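Observations on the three-dimensional arrangement
Chain by chain, the residues:
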Amino acid sequence: MSTSTSTRTMSNQIVANESNKENAPENEEKKIPIFSIEILKIIKEAQQQHGLRHNDYQRYRGYCTRRIRRLRKVMHLQQGDRRHFRKKNVTETNLTDERAVYIPLMLAERAWSYAMQLRVEANTEPRKKFHLVSRLRKAASYAIQLQKLCESEKFDARTQLETQAYVAWCEGMLQFELQEWKPAIENLKKAQMIYEKLASALNEEDAILYRNRYEELEPSLRFCAYNIGNETDVNQLLHLRNQAQGDLLVTLDTLMAQTRDSLSEVTWRNRTVPVKNSRVRTFLLANRDFNSLLDKCTTLAEKSDSLEQHLMDCKDAMLAIRDDIKTEQKMDGSSTSSASSLQYLHTYLSFIRLERSIQRNLLLIESALENDGKQGTVGSKKLQDITRLYEILIQNILEEQQLPGLEDDSDFQEKLVIKAKAYKAFRCYYIGQSLSTLHRWRDTMAMYERALLHISSVINQVDDDLKTRLSNLVNTIESSKYCAHAQSVLEQDNEEELDSLKNAKLQKMPLTKRLDEYYEDSSILGKDPNVIKVPPEMEEIPCKPLFFDVALNFVQLPAFKKQQPVSDPANKEGISGFVKGLWGWGGKKK
């Protein structure tokens, strides 16, 4: 009994696990990372940089070998050591990094380049043609391995399409070399069709590469058709191919729809530009769903914080685009179309940043009005802050008008002018409110009238949300005008009373006492003008101070005994000394 119950419980657990797997939410599937690999672009860049510009297939083959070695070392897929060989193929379990797919791609490219090298050598050594065919078979097998890996859900639609075209091209080249003309034309036409669809779905910059590939296949197709012989057989063959591959055409359309939905490119103002930088692509995906995320926020503070973080992400994306622009400018032979696309993408990100800044300023204004509205009135300091926010908002709109590449877009410029006038009406209203706190009623009425003038010029040209706000502002301004007019009348009556009291006080004062006050005194022109009071009133003045030199009593004067002259001993000898000196006798002998 115990074994039967245990097996029953185990079976129940297995059934429960399977049911849980079946009823797993779809959100887990969305967490699977999606890789995007532009196979044709990777191949062409590698070929142009490593020898094929000069038809040096051996150099390109050596590059493929070195890159395979590096990839296996990075992905930890080394095939043994120097003594022992252990084959390790890339499987779906190894697809934690998109670089793992480069291994079968480089293996196919190495085999193809070896085959092209043997084709050149087969002109003098015909036996090498057999080796050439074996290398093309190896390239086709590696291409099929690549296609199986890319059929996983981890890769986007464009990668799957490019792998199908690459496999069809490899098999078509093999059959072309084996002179199997019908399957060769079928596979080459399939590759050409996929490249044509990709060129029509992508932007102008990326489409050039696929159009060139499309044109490269034309000579091979003509040669196959020539060898088939009958043109009707060729048309019938193509018709049968279309019937056999009807499912491919359906999946091609669906995959291209998925490619358009993925943010490998962005369309703005009737222009489509590619988005190659992963950081920019992540930001644009977040920006696409940001409004719905903002609606889920319950408070204005949460919305403001979300907008702040979103603006920081936008600045990071703009820095990434600037780095890409600098890299394109440093590269030799960089195309002007790619640089212009990056410039236009930078303009689009700048527009998003300015629009989100406007949205954040509106939230700050709403938060300020909500906090002060609970108290009944808005303070003068808060009114100045709101006016400053509207100034910044209008400045953001002016920056949008000056964005590079949009100067000639008349529709875009006209919408921004209308939007600026609408917000100027709000700015005029709040300037009038702040002036009313200073009791400058004439200036207040002038600002109200200016706000109504702006509203009347744009109210029928704005969107519904802004139109509703402008309509409410008109009603608010009408009521504020009546309040301002009533306050000005009351203050005028009070001023007249104060003026009459002041004039009565000034009338009693003489003219010399009120020279700094203007007052029309008619008594000045009469016989007894009140100019000055005679005699004048006595005024207290400070007395003149007296100074006495009392410090001299405490000064010690220096002694002058040392400075008295010393008497000369020659003067003591008298006349005898004079005579001795005169005749030269009696003097001291030297």
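Note that the structure is predicted; figures quoted are calculated from it, not measured. (Residues numbered from 1 in each chain as written. Predicted model: local features only at pLDDT ≥ 70, side-chain atom pairs only at ≥ 80, totals over all residues. Heavy atoms only, no water.)

Let's talk about the overall build of the chain
Note the following rule: Where helices and strands are cited, they refer to DSSP runs of H or I of at least four residues and of E of at least two residues respectively, numbered from the N terminus. What makes two residues a contact is simply this: any of their non-hydrogen atoms within 4.5 Å. Reported accessibility uses the Shrake-Rupley method at a 1.4 Å probe radius. Residues are deemed covered only where the shown protein chains occlude them.
Of regular secondary structure, the chain possesses 21 helices and 2 strands. Within the chain, contacts between residues separated by at least 24 positions form 67% of all contacts whose residues are at least 6 apart in sequence. Element-wise, carbon and sulfur atoms account for 52% of the exposed surface of the chain, whose accessible area totals about 39,000 Å².

Considerations on helix H5 (residues 102-121)
Put simply, the rule reads: Helix span is expected to be 1.5 Å times the residue number reduced by one. Burial here depends on accessible area, computed with a 1.4 Å probe over protein chains only, as a share of the maximum for the residue type. Under 20% is buried, over 50% is exposed, and the range in between is partly exposed.
Here H5 contains 20 residues, and its C-alpha end-to-end distance of 28 Å stays within 8% of the 28 Å for a straight helix at 1.5 Å per residue. With 15 of its 20 residues buried, H5 lies for the most part within the structure.

Some words on the pattern of salt bridges
Here is the rule we go by: Only one rule defines a salt bridge in this text: a Lys or Arg side-chain nitrogen within 4 Å of an Asp or Glu carboxyl oxygen.
All told, the structure shown has 19 salt bridges when counted by the stated rule. For the salt bridge of Lys 481 with Glu 449, the shortest nitrogen-to-oxygen distance reads 2.8 Å. Within this pair, whereas Lys 481 is found in helix H20 (residues 464-508), its partner Glu 449 is found in helix H19 (residues 441-458), the two being separated by 32 residues in sequence. Classification of Lys 481 by relative accessible area gives buried; the value is 16%. Among the residues examined, Glu 449 registers a relative accessible area of 40% and is labelled partly exposed. A cluster of three or more residues bridged by salt bridges with shared partners is formed by Glu 38, Lys 41, Arg 158 and Glu 162.

Here we look at the environment of Ser 141
Put simply, the rule is: Here a polar contact means two N or O atoms within 3.5 Å. Within protein one must be a hydrogen donor candidate and the other an acceptor candidate, and residues neighboring in sequence count only if both atoms are side-chain atoms.
If you trace the backbone, Ser 141 turns up in helix H6 (residues 128-150). Judged by relative accessible area, Ser 141 falls into the partly exposed class, the value being 37%. Distance in space between the C-alpha atoms of Ser 141 and Ala 108 is 7.8 Å, their sequence separation being 33 residues. Within the structure, the side chain of Ser 141 is placed 2.6 Å from the backbone oxygen of Lys 138, a separation counted as a polar contact.

As for the side chain of Gln 401
Mapping Gln 401 onto the fold places it in helix H17 (residues 380-401). By relative accessible area, Gln 401 is classed as buried at 18%. Beyond its immediate stretch of four places on either side in the chain, Gln 401 contacts Gln 413, Leu 416 and Val 417.

A short note on the nonpolar core
Note the following rule: We call a set of buried Ala, Val, Leu, Ile, Met, Phe, Trp, Tyr and Cys residues a nonpolar core when their side-chain atoms join them within 4.5 Å.
Ranked by size, the top nonpolar core spans 68 residues in total, and within it Tyr 60, Trp 112, Tyr 166, Trp 169 and Tyr 195 carry the most contacts. Of all the secondary-structure elements, those providing two or more residues to this core are helix H3 (39-49), helix H4 (57-74), H5, H6, helix H7 (157-177), helix H8 (181-201), helix H9 (204-216) and helix H10 (218-228). For this core, the element with the highest residue contribution is H5, accounting for 11 residues. Not counting residues within four places of it along the chain, the set of residues in contact with Tyr 60 comprises Ile 43, Ala 46, Gln 47, His 50, Leu 52, Glu 109, Trp 112 and Ser 113. By size, the runner-up hydrophobic cluster in this structure holds 57 residues, among which are Leu 284, Ile 394, Ile 477 and Ala 484.

Brief notes about unusual backbone geometry
A negative phi holds for most residues other than glycine; trans holds for most peptide bonds. Its identity is not glycine, yet Gln 179 carries a phi of approximately 60°, on the positive side. Inspection of the secondary structure assignment puts Gln 179 in the loop between H7 and H8. Phi at Arg 269 is positive, roughly 55°, even though this residue is not glycine. Classification of Arg 269 by relative accessible area gives partly exposed; the value is 29%.

Notes on the confidence of the model for the chain
Caution applies to low-pLDDT regions: their predicted coordinates should not be interpreted in detail. Our working definition: Each residue carries a pLDDT value, the predictor's own confidence for that position, ranging from 0 to 100.
Residue-level pLDDT values for the chain average 80, and 79% of them are 70 or greater. Per-residue pLDDT stays below 50 along residues 1-32; that stretch engages in 2 contacts with residues further than four places along the chain or on separate chains.

Some thoughts on a nonpolar patch on the surface
The condition that has to hold: A patch consists of residues exposed above 30% relative accessible area that lack any salt bridge, with like charges linked at up to 9 Å and nonpolar side chains (Val, Leu, Ile, Met, Phe, Trp, Tyr) linked at up to 5 Å.
Residues Val 531, Ile 532 and Val 534 make up a contiguous nonpolar surface patch of about 280 Å² in total accessible area. Here Val 531 shows up in the loop between H20 and helix H21 (575-583). For Val 531, a relative accessible area of 32% corresponds to the partly exposed category.

Some words on H4
Quick note on the threshold: The arc in question is the one spanned by the directions pointing from the helix axis to the C-beta atoms.
Given a rise of 1.5 Å per residue, 18 residues ought to cover 26 Å, and the 26 Å separating the end C-alpha atoms of H4 matches this to within 8%. When we look at burial in H4, the residues that qualify are Tyr 57, Tyr 60, Tyr 63, Cys 64, Arg 67, Ile 68, Leu 71 and Arg 72. Projection of H4 onto a plane perpendicular to its axis shows the buried side chains occupying an angular sector of 165°, all on one side. In this structure, H4 carries Gln 58, Arg 69 and Lys 73 as exposed residues pointing more than 90 degrees from its buried face. Positive phi appears at His 76, one or two residues downstream of H4, with a value of about 60°.

Quick look at a positive patch on the surface
Our working rule: Charged residues are defined here as Lys and Arg on the positive side and Asp and Glu on the negative side; His and the ends of the chain fall outside this count. In this description, the location of a charge corresponds to atom NZ of lysine, CZ of arginine, CG of aspartate or CD of glutamate.
On the surface, Arg 59, Arg 66, Arg 69 and Arg 70 cluster together to form a positively charged patch. Inspection of the secondary structure assignment puts Arg 70 in helix H4. Judged by its relative accessible area of 45%, Arg 70 falls in the partly exposed class.

Quick word on the packing of aromatic side chains
Worth spelling out the cut-off: Stacked, tilted and edge-to-face are the three classes applied to pairs of Phe, Tyr and Trp rings, where Trp contributes its six-membered ring and a pair requires centres within 6.5 Å; stacked means planes under 30 degrees apart, edge-to-face means over 60, and tilted covers the rest.
If you walk through the whole model with that rule in mind, you get 20 aromatic pairs. Between the aromatic rings of Tyr 60 and Tyr 63, the centroid separation amounts to 6.2 Å while the plane-to-plane angle is 25°, which identifies the pairing as stacked. Note that Tyr 60 and Tyr 63 are positioned in helix H4 at a spacing of 3 residues, about one turn of the helix. Here Tyr 60 and Tyr 63 have matching classes, each one buried. Seen from their ring centres, Trp 112 and Trp 169 are 5.8 Å apart, and the 50° between their planes marks the pair as tilted.

A look at the packing of helix H18 (residues 410-437) against H19
Operational definition: Angles run from 0 to 180 degrees between N-to-C directions of axes, and those axes are lines fitted to C-alpha atoms, restricted for helices to the stretch in contact. If an angle is under 35 degrees, it is roughly parallel; if it is over 145, roughly antiparallel; if it lies from 65 to 115, roughly perpendicular; otherwise it is oblique. Crossing handedness is read from the near helix: turned anticlockwise from the far helix by less than a right angle, it gives a left-handed crossing, and turned clockwise, a right-handed one.
Here H18 crosses H19 at 165°, and the two axes come no closer than 8 Å. Relative to H19, H18 is oriented roughly antiparallel. Seen from above, H18 lies across H19 with left-handed handedness. Contacts between H18 and H19 involve Ile 418, Lys 421, Ala 422, Lys 424, Ala 425, Cys 428, Tyr 429, Ile 431, Gly 432, Gln 433, Leu 435 and Ser 436 from the first element and Trp 441, Asp 443, Thr 444, Met 447, Tyr 448, Arg 450, Ala 451, His 454, Ile 455, Ser 457 and Val 458 from the second.

Topic: the pairing of strand E2 (residues 271-274)
Counted only if it meets this: A pair of strands is labelled paired if DSSP reports no fewer than 2 bridges between them.
Across 4 bridges, strand E1 (residues 265-268) lies against E2 in antiparallel orientation. Within E2, the residue paired with Trp 268 across the bridge is Arg 271. Taken together, E1 and the strand that follows it, E2, pair antiparallel across an intervening segment of 2 residues, in which Arg 269 is found at a positive phi of about 55°.

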